[in-house]
Amino acid sequence: MTDFPGLLGRLCESQVEFIVIGGVAAAVHGAARTTLDLDVVYRRAALNLRALVGALAPLSPYPRGAPPGLPFVWDERTLGNGLNFTLTTTLGDIDLLGEITAGGRYEDLSDHAAEVELFGHRCRILDLEDLIRVKRAVGRPKDFEALAELDLLLEIKKRGP
Amino acid sequence: MEPPRTDPVVEAYKAGIDRTLLIESLRRTPTERILAMMSMQRLVEEMRRGLRAASGRSK
């Protein structure tokens with residue numbers, strides 16, 4: 001099981017600049033569905049790559065689903081050479097996204113994220129309208145039900161229960 | 001970013017969603033919502049473990 005407080009705590013305590021998207025953001029907005037991983041869009045500035053490497057290094061990050069023994073080195077060079085990483089760690093699965101469909105990069109999403117108190121940390125969460133917009137743009141059939149739930153949450157928030 | 005649009009497939013899924021669960025969830029704090037999700041995951045994992053154990057015993 002993914003230790004969401006642990007992963008979020010590591011990122012926040014290491015002062016990583018990130019925005020939570022995906023299922024955890026949906027849950028923060030009130031969705032009742034569960035998710036197995038933490039999806040974040042991270043800022044690709046050099047200082048932030050360093051912070052991200054430091055945050056996850058103690059958790060033995062490794063490409064999820066990859067066979068063991070790959071020459072995967074978790075460092076700033078690896079992060080800088082890639083963009084999106086789906087990783088497994090000792091605290092659970094995390095997706096580090098440098099850019100997302102219809103959302104762009106951290107800087108593009110920054111004005112669409114709100115600070116929310118989670119487990120004693122101030123975390124930036126993609127707002128509900130943009131979470132819907134991004135999920136809709138990706139257009140995966142498995143997201144239809146999740147989208148319906150998010151749409152309903154938006155209706156409830158706008159009109160009340 | 002573009003404004004959201006209505007999708008008939010997504011609209012069809014709405015009928016099957018339990019609004020009371022969403023309203024209940026909105027009464028919680030964001031931290032409590034994540035903890036509730038983790039609690040559900042824990043339950044599912046325990047059930048799976050139980051099923052595997054039962055399946056092993058029946059062989």
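Residues numbered from 1 in each chain as written. Chains lettered and ligands numbered in written order. Predicted model: local features only at pLDDT ≥ 70, side-chain atom pairs only at ≥ 80, totals over all residues.

1. Quick notes on the overall build of chain A
In terms of regular secondary structure, chain A is built from seven helices and seven strands. Secondary structure elements in chain A, listed N-terminal to C-terminal, are α-β-α-β-α-β-α-β-β-α-β-β-α-α. Scaling as 2.2 N^0.38, a compact globule of 161 residues should have a C-alpha radius of gyration of about 15 Å, and chain A matches this with 16 Å. Its C-alpha atoms put chain A at 50 × 30 × 30 Å along the principal axes. Within the span of chain A, comprising 161 residues, buried residues form 41% of the whole. (Helix = DSSP H or I, 4+ residues; strand = E, 2+ residues; numbered from the N terminus. Rg over C-alpha atoms; globule rule 2.2 N^0.38 Å. Buried ≥ 20, exposed ≤ 12 C-beta atoms within 10 Å, placed from the backbone.)

2. A short note on the packing of helix H6 (residues 128-138) of chain A against helix H7 (residues 144-159) of chain A
All names here are of chain A. It is the contact of H6 with H7, at a shortest axis distance of 10 Å, that shows an interaxial angle of 155 degrees. With respect to H7, the axis of H6 lies roughly antiparallel. The two elements H6 and H7 cross, and the hand of that crossing is left-handed. On the side of H6, the interface is formed by Leu 128, Glu 129, Leu 131, Ile 132, Lys 135 and Arg 136, while H7 contributes Ala 146, Leu 147, Leu 150, Asp 151, Leu 153, Leu 154 and Lys 157. (Axes fitted to C-alpha atoms, helices over the stretch in contact; angles between N-to-C directions. Parallel < 35°, antiparallel > 145°, perpendicular 65-115°, else oblique. Left-handed = near helix turned anticlockwise from the far one by under 90°. Contact = placed C-beta atoms within 7 Å.)

3. Describing the pairing of strand S6 (residues 113-118) of chain A
Residue and element names in this part refer to chain A. Across six bridges, the pairing between S6 and strand S7 (residues 121-126) is antiparallel. Counterpart to Ala 113 in the pairing with S7 is Leu 126. In this structure, the hairpin formed by S6 and S7 is closed by a connection of two residues, where Phe 119 is found at a positive phi of approximately 55 degrees. (Pairing = 2+ DSSP bridges.)

4. Quick notes on the nonpolar core
Nonpolar side chains in soluble globular proteins tend to end up buried together. All names here are of chain A. By size, the foremost hydrophobic cluster in this structure holds 53 residues, and its most contacted members are Ile 19, Ile 21, Val 40 and Val 41. The greatest single-element share of this core, amounting to six residues, is contributed by H7. Apart from residues lying up to four places away in sequence, Ile 19 is in contact with Val 40, Val 41, Tyr 106, Leu 109, Ala 113, Arg 124 and Leu 126. (Core = buried A, V, L, I, M, F, W, Y, C linked by C-beta atoms within 7 Å.)

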